[in-house]
Amino acid sequence: MDVLTALLLLVHLIPVSAAKNGVSSKSRKRILPDPATEPPVTDPVYEALLYCNIPSVAERSMEGHAPHHFKLVSVHVFIRHGDRYPLYVIPKTKRPEIDCTLVANRKPYHPKLEAFVSHMSKGSGASFESPLNSLPLYPNHPLCEMGELTQTGVVQHLQNGQLLRDIYLKKHKLLPTDWSADQLYLETTGKSRTLQSGLALLYGFLPDFDWKKIYFRHQPSALFCSGSCYCPVRNQYLEKEQRRQYLLRLKNSQLEKTYGEMAKIVDVPTKQLRAANPIDSMLCHFCHNVSFPCTRNGCVDMEHFKAIKTHQIEDEKERQEKKLYLGYSLLGAHPILNQTISRMQRATEGRKEELFALYSAHDVTLSPVLSALGLSEARFPRFAARLIFELWQDREKPSEHSVRILYNGVDVTFHTSFCQDHHKRSPKPMCPLENLVRFVKRDMFVALGGSSTNYYDACHREGF
Ligand SMILES: *[C@@H]1O[C@H](CO)[C@@H](O)[C@H](O)[C@H]1NC(C)=O
Ligand SMILES: *[C@@H]1O[C@H](CO)[C@@H](O)[C@H](O)[C@H]1NC(C)=O
């Protein structure tokens, strides 16, 4: 299917999936912007639909596109977990009735769904780094638990896996047919939704899912910063960023009015409602076509949803302008980017390990990495978002290695701050690995504006 057909299908879906919540027909016909690189349009409903990422259409994908004389060396995949049940409840309302068991006769469906369930249920011999061993391997509650991955979330990652398999394994032969455990590097946070998302992606990806070859490491930090998490300046940036968020919210009278109305409906103080982060729960209602909750005082409705979502879009815009989040992100994303380039450098030396790395993570993981890379126009990570680093070798000049960066299937290599103008000077449709290495080892600290040129100094800068 071509891109236009796919996008038109997406638009066509809007009135169906969001029907119950009263989406008007006005949002149906519009020229759609590039979903990864164009700045958010101000239509909050359209933005919310992209966020849901309802699996239904073959989406565009530019992964693995390279001239014939390039050989794929390694692939590094960062994912956000798939669709999940809310983390918060709206006080004094019934929580949405979503079924987190996996069944064939419910949409969305994937041909590998039953095989996935059957394989996972036989995974008791699987061994992962503690404490991952205590997590269930697939979602299985008739009424979802808080934060649980849904069937939609599983299908999203089975699809991601299948797509990557067609490109990286079938087309580019990234793994040999007799691949072994050490050719994969797998890491996840300690939530069931991230482990399960990683397993679903691998189940779609691997030609033979052999429990003996699957070993997930546990990452305690959502920033994936391993042994380098201590960084006082990063925390200072975060505090300033949170202050900015707070002040912007105060200025928005429409938002305050909305929270006031909703608080009246559920009969709690406005402050308590706001602290319960109702948009998280409302997005679940929205994405699952379940009516917003009602009480005897009235119903939460689409106008409330739009007001909060519109504010989020404005917040995102100001976040980019004020650059406090950028400071936080440069420091927050350094350790994981540093680890990634080390892994790439080992691969360029001909090591055949860790050819496929998968980090199963959260919005608060992907968002700083996107921002640090300079992808300021990238959308907030939707459910099952994927950010991919590909490492390539030029067969005609074997000492030269290049990278491509893809976000949700869109090639964003030349949108990154370390490779912005490269394609104007070079005939190669890729970025030299050295650019990325120089950026991670030094330029990302220079971008902070101080005199620091390494992580330790930048994290401990006095008088910031
Ligand atoms: C959403 O709910 C409405 C009303 O119950 C229903 O008519 C519609 O088919 C549902 N849409 C989807 C995509 O399930
Ligand atoms: C970056 O990677 C190098 C090589 O693996 C390592 O020695 C160094 O400690 C890392 N730095 C940080 C801040 O993670």
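Residues numbered from 1 in each chain as written. Chains lettered and ligands numbered in written order. Predicted model: local features only at pLDDT ≥ 70, side-chain atom pairs only at ≥ 80, totals over all residues. Heavy atoms only, no water.

A. Focus on the overall build of the chain. Across its full length, the chain holds 15 helices and 10 strands. For the chain, the C-alpha radius of gyration of 22 Å lies close to 23 Å, the compact-globule estimate for 464 residues. Taken over the C-alpha atoms alone, the chain extends approximately 70 × 55 × 45 Å along its principal axes. For the chain, the proportion of its 464 residues judged to be buried stands at 56%. Restricting to contacts in the chain with at least 6 residues of sequence separation, those with at least 24 account for 79%. A total of about 20400 Å² of accessible surface is found on the chain, and carbon and sulfur atoms cover 52% of it. (Helix = DSSP H or I, 4+ residues; strand = E, 2+ residues; numbered from the N terminus. Rg over C-alpha atoms; globule rule 2.2 N^0.38 Å. Buried < 20%, exposed > 50% of the residue type's maximum accessible area, 1.4 Å probe, protein only. Contact = heavy atoms within 4.5 Å. Areas by Shrake-Rupley, 256 points an atom, 1.4 Å probe, with all protein chains shown as cover.)

B. Spatial organisation of the domain arrangement of the chain. Domain parsing of the chain yields domain 1 (46-232 + 324-460) and domain 2 (233-322). On a C-alpha basis, the centroid separation for the pair domain 1 and domain 2 is 28 Å. Of all residues in domain 1, Tyr88, Ile90 and Leu324 bury the most surface against domain 2, accounting for 22% of the area lost on that side. If you look at where domain 1 meets domain 2, you find 1 salt bridge. Measuring nitrogen to oxygen at the nearest pair gives 3.0 Å for the salt bridge that ties Arg84 to Asp280. Across the domain 1-domain 2 interface, the total number found is 16 residue pairs in polar contact (both at pLDDT 80 or more). (Domains from an automatic or database assignment. Buried area = accessible area lost by both parts, 1.4 Å probe. Salt bridge = Lys/Arg side-chain N within 4 Å of Asp/Glu carboxyl O. Polar contact = N/O pair within 3.5 Å; in protein donor to acceptor, adjacent residues only side chain to side chain.)

C. Representation of the side chain of Thr365 in the model. With respect to the element layout, Thr365 can be found in helix α12 (residues 363-372). With relative accessibility at 4%, the residue Thr365 sits in the buried group. From its side chain, Thr365 meets the backbone oxygen of Ala222 in a polar contact 2.7 Å long.

D. Here's a closer look at the site of ligand 2. The local shell around ligand 2 consists of Ser228, His334, Asn338, Ser342, Lys441 and Tyr455. Ser228 is positioned with one of its side-chain polar atoms (N or O) 3.3 Å from an oxygen atom of ligand 2. A distance of 2.4 Å is found between an oxygen atom of ligand 2 and a side-chain nitrogen or oxygen belonging to Asn338. Here ligand 2 loses 47% of its free accessible area of 370 Å² to cover by the protein chains. For the shell around ligand 2, the leading source of residues is helix α11 (residues 324-348), giving 3 residues. (Near = heavy atom within 4 Å.)

E. Here's a closer look at the nonpolar core. Ranked by internal contacts, the top residues of the largest apolar core, which has 54 residues, are Leu331, Leu373, Leu387 and Phe389. Ranked by the residues each element gives to this core, the list is headed by α11, at 11 residues. Ignoring anything within four residues of it in the chain, the contact list for Phe389 reads Ser74, Val75, His76, Phe78, Leu337, Met344, Leu373, Arg404, Ile405 and Leu436. Leu199, Phe209, Ile214 and Met430 belong to the second-largest nonpolar core, a separate cluster that totals 48 residues. (Core = buried A, V, L, I, M, F, W, Y, C linked by side-chain atoms within 4.5 Å.)

F. Examining the environment of Leu370 more closely. Structurally, Leu370 is set in helix α12. Note on Leu370: relative accessible area 4%, which makes it buried. Sequence separation between Leu370 and His334 is 36 residues, and the spatial gap between their C-alpha atoms is 12 Å. Not counting the four nearest positions on each side in its chain, Leu370 is found in contact with Leu375, Ala378, Arg379, Pro381, Leu387 and Tyr407.

G. Just the state of the cysteines, in detail. Enumeration according to the criterion identifies 6 disulfides in this entry. Shown here is the disulfide that connects Cys225 with Cys229, its sulfur atoms set 1.9 Å apart. With the S-S bond torsion at 105 degrees, the cross-link from Cys225 to Cys229 turns out right-handed. Judged by relative accessible area, Cys225 falls into the buried class, the value being 2%. Accessibility expressed as a relative area gives 23% for Cys229, which makes it partly exposed. Within the chain, bonded cysteines paired by disulfides and numbered along the sequence follow the pattern 1-7, 2-3, 4-5, 6-12, 8-9, 10-11. Its sulfur unpaired, Cys284 is 7.2 Å from the next cysteine sulfur, which belongs to Cys144. The class for Cys284 is buried, based on a relative accessible area of 5%. (Disulfide = S-S within 2.5 Å.)

H. Region of interest: the pattern of salt bridges. This model, assessed by the stated rule, comprises 22 salt bridges. Two residues, Asp210 and Lys212, come together in a salt bridge whose shortest N-O distance is 3.8 Å. Among the residues examined, Asp210 registers a relative accessible area of 23% and is labelled partly exposed. Taking relative accessible area as the criterion, Lys212 reaches 73% and is therefore assigned exposed. The salt bridge partner of Asp443 is Arg442, with a shortest N-O separation of 2.8 Å. Assessed through its relative accessible area of 24%, Asp443 is described here as partly exposed. Judged by its relative accessible area of 42%, Arg442 falls in the partly exposed class. A single network of salt bridges, built from pairs that share partners, joins Glu241, Arg244, Asp315, Glu318 and Lys322.

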